[in-house]
Amino acid sequence: MSTVFYNPMINSTLQKKVFLETYGCQMNEYDSELVRSILKKENYAFVADESAADIVMLNTCAIREHAHRKVYGRVHSIRHTRGKDNPVMIGILGCMATNLRQDLLEDRSLKIDFIAGPDSYKRLPQLIHEASDEGQKSYDVTLSEFETYSDINPSRKEGVNAWIAVMRGCNNFCTFCVVPYTRGRERSRSPENVVDEVRRLVTEGFKQVTLLGQNVNSYRYDDYDFAYLMDEVSKVNGIERIRFTSPHPKDFPDRFLELMAVNPKICKHIHLPLQAGNNRVLDMMNRTYTKEEFLNLVDKIRTKIPKVALTTDIIVGFPTETDEEFEDTLKLVAKVQFDSAFTFKYSERQGTVASKKYPDDVPEAIKTERIMRLNEIQKEITFKKNQEHIGQEFQILIEPTPKDKPSTNTVGRTDGNKLVILPQNGHKMGDLIKVIITDATPHSLKGIIK
Ligand code: 5AD
Ligand code: SF4
């Protein structure tokens, strides 16, 4: 029998209802699956309607200012909506929890009841208990050198793809990035443990796994590296496709690229964050590569895996970035021809090296102008790349139809992660089918069954 804690704020004899909202990256989505699993074991129920919840938890992101302002606004709006007569406990989880612990506990207007950082989710039942029973604010934002949650079976939604965090944390300390402070040092799960989970996922009906990590290709467990892990995962019968995100350009040994090239289950898509195309800026960012080294890596990847899709992340307006230096980024983008790019305006993050050493001196209007120019160029490249698919044959894995697409459509993804929309055709989620591409937009492809 699971423990039910006494709680003066909410009816103690009933199962407590939790509303969990997730912000930010895939790792946070995955962590929310862990949290669901941990709390369900303790007899908590998860509800889709926030007004029915006894506890609201926000699993937060601290990577850019936008993300953290959104969470502050959300907490205020929850408090306002619920009012004094219908109080609710509010807990902050995730990266903001670690980074803003002090602010959160001191800001009385926010009225946060408990805080749990990314390595403290196993303590959540205890933290909720302390906050509810003793009416105290409780928190645990300790970062661990070891916690990988390898013993927790995440509570996943059904679908074709399952995410598996194979490593957590980051040792790179890019000067703009808050992740090493909010998520701590790198640590990896054993290959056996990951493979066991993949086997279980097959029995649950998943066809694709995406291996996740802040620097997924820096995975290391004893003498086992990422190439070994991918190879082992690909040997699991019933898994059709394997993806991974996000890697760092520094860890692409030939052995890994050669494995990718020959292994039919490993999708030919690499998300390769560039961040900037100027060497002085890259150095200030502590990215540990020059633009020439990045280009050499792109050449090597394309030589070994000719049909590979490459996507990237780029930051504009890093402190002191000049117009000419930004032009270098545009030139590199034009040269590499990424399939798509996530682009960001630099946002100063508390505690990072950049926030201490380099004033955020590129005016907002210039950042906006730069990101718009970059997006314009990338959009054309993406469109052109998509058009190159027309007339060709691809195998796609059918996914659940997204809410913004008519239910009369069937959707799937190519190996290179392009979304393909087809007229509904009787095939169901998880089927692998051959299609011919008939049309392309900057965002997706249209196709018909071959
Ligand atoms: N400002 C803007 N973008 C950032 N990113 C990380 N930190 C910052 C920051 N301080 C971007 C990087 C990273 C992606 C996940 O978020 O491009 O690759
Ligand atoms: Fe942040 Fe750099 Fe680590 Fe990526 S590699 S999580 S950008 S510090």
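Residues numbered from 1 in each chain as written. Chains lettered and ligands numbered in written order. Predicted model: local features only at pLDDT ≥ 70, side-chain atom pairs only at ≥ 80, totals over all residues. Heavy atoms only, no water.

Caption draft 1: Structural detail: the packing of helix α12 (residues 323-336) against helix α14 (residues 364-387). Orientation of α12 relative to α14, taken along the N-to-C sense of each, is 10°, at an axis distance of 10 Å. In this view, α12 runs roughly parallel relative to α14, as classed from their interaxial angle. Contact with α12, carried on its side by Asp-323, Phe-326, Glu-327, Leu-330, Val-333 and Ala-334, involves Arg-370, Arg-373, Leu-374, Ile-377, Gln-378 and Ile-381 of α14 and no other residues of that element. Looking at the contact of α12 with α14 residue by residue, the class counts come to seven nonpolar, one polar and four charged. (Axes fitted to C-alpha atoms, helices over the stretch in contact; angles between N-to-C directions. Helix = DSSP H or I, 4+ residues; strand = E, 2+ residues; numbered from the N terminus. Parallel < 35°, antiparallel > 145°, perpendicular 65-115°, else oblique. Contact = heavy atoms within 4.5 Å. Nonpolar A, V, L, I, M, F, W, Y, C, P; charged D, E, K, R; others polar.)

Caption draft 2: Representation of the environment of Ile-63 within the structure. For Ile-63, the location among the structural elements is in the loop between β3 (55-60) and α2 (65-82). C-alpha of Ile-63 to C-alpha of Gly-416: the two residues are 353 residues apart in sequence and 27 Å apart in space. Ignoring any residue separated from it by four or fewer positions in sequence, one finds Ile-63 in contact with Cys-177, Val-178, Val-179 and Arg-349.

Caption draft 3: Focus on the sheet that holds strand β1 (residues 17-22). Taking strand neighbours across the sheet as the criterion, the six strands line up as β2-β1-β3-β4-β5-β6 in an open arrangement whose pairing is parallel. The open sheet is flanked by β2 (45-46) and β6 (138-140), the only strands paired with a single partner. As paired strands, strand β5 (residues 114-116) and β6 are joined by three bridges and run parallel to one another. Note that in β6 the partner of Ile-115 across the bridge is Tyr-139. (Pairing = 2+ DSSP bridges.)

Caption draft 4: Structural context of the site of ligand 2. The local shell around ligand 2 consists of Cys-170, Asn-172, Phe-173, Cys-174, Phe-176, Cys-177, Val-179, Pro-180, Asn-215, His-248 and Arg-287. Across the shell around ligand 2, the residue classes break down as seven nonpolar, three polar and one charged. (Near = heavy atom within 4 Å.)

Caption draft 5: Summary view of the site of ligand 1. Near ligand 1, the surroundings consist of Ile-63, Arg-64, Phe-176, Gln-275, Asp-313, Ile-315, Phe-344, Lys-345, Tyr-346, Ser-347 and Arg-349. Between ligand 1 and the protein, one listed contact pairs an oxygen atom with a side-chain N or O atom of Arg-64 at 2.9 Å. One of the backbone nitrogen or oxygen atoms of Phe-176 is found 3.0 Å away from a nitrogen atom of ligand 1. When isolated, ligand 1 has an accessible area of 410 Å², and the protein chains bury 87% of it. Listing elements by their share of the shell around ligand 1, those giving two or more residues are β15 (309-316) and β16 (340-345). Taken together, the residues of the shell around ligand 1 sort by class into five nonpolar, two polar and four charged. (Polar contact = N/O pair within 3.5 Å; in protein donor to acceptor, adjacent residues only side chain to side chain. Areas by Shrake-Rupley, 256 points an atom, 1.4 Å probe, with all protein chains shown as cover.)

Caption draft 6: Structural context of the domain arrangement of the chain. Under the domain assignment, the chain is made up of domain 1 (8-140), domain 2 (161-387) and domain 3 (393-449). Computed over C-alpha atoms only, the centres of domain 1 and domain 2 are separated by 30 Å. Across the domain 1/domain 2 interface, buried area totals approximately 1700 Å², and carbon plus sulfur atoms make up 52% of it. Counting across the interface, domain 1 meets domain 2 through three salt bridges. Between Arg-187 and Asp-119 there is a salt bridge, and its shortest N-O distance comes to 3.1 Å. Breaking the side of domain 1 that touches domain 2 down by element, the ones donating at least two residues are α1 (26-41), α2 and α3 (95-99). The leading source of residues in the side of domain 1 that touches domain 2 is α1, at six residues. Residues that form the side of domain 1 that touches domain 2 fall into these classes: eight nonpolar, five polar and four charged. (Domains from an automatic or database assignment. Buried area = accessible area lost by both parts, 1.4 Å probe. Salt bridge = Lys/Arg side-chain N within 4 Å of Asp/Glu carboxyl O.)

Caption draft 7: Examining the side chain of Thr-312 more closely. By the secondary structure assignment, Thr-312 is in strand β15. Residue classification places Thr-312 among the buried positions, given a relative accessible area of 0%. Side-chain polar atoms of Thr-312 contact the backbone oxygen of Leu-272, separated by 2.6 Å. Excluding its chain neighbours within four sequence positions, the residues that come into contact with Thr-312 are His-271, Leu-272, Pro-273, Leu-274, Phe-338, Ser-340, Ala-341 and Phe-342. (Buried < 20%, exposed > 50% of the residue type's maximum accessible area, 1.4 Å probe, protein only.)

Caption draft 8: Layout of the packing of aromatic side chains. Under the definition given, this model contains eleven aromatic pairs. Aromatic side chains Tyr-121 and Tyr-149 sit 6.0 Å apart centroid to centroid with 20° between the ring planes, which places their arrangement in the stacked category. Taken together, the residues span a long stretch of sequence, with Tyr-121 in the loop between β5 and α5 (124-133) and Tyr-149 in the loop between β6 and β7 (161-165) at a distance of 28 residues. For the pair shown, Tyr-121 and Tyr-149 are each scored as buried. Pairing Phe-318 with Tyr-346 gives two aromatic rings, centres 5.3 Å apart and planes at 70°, and the pair type is edge-to-face. Placement of Phe-318 in the loop between β15 and α12 and of Tyr-346 in the loop between β16 and α13 (353-357) is noted, with a sequence separation of 28 residues between them. The buried category is assigned to Tyr-346, whose relative accessible area is 4%. One aromatic cluster in this structure is built from Phe-226, Phe-244, Phe-252 and Phe-256. (Phe/Tyr/Trp six-rings, centres within 6.5 Å; stacked < 30°, edge-to-face > 60°.)

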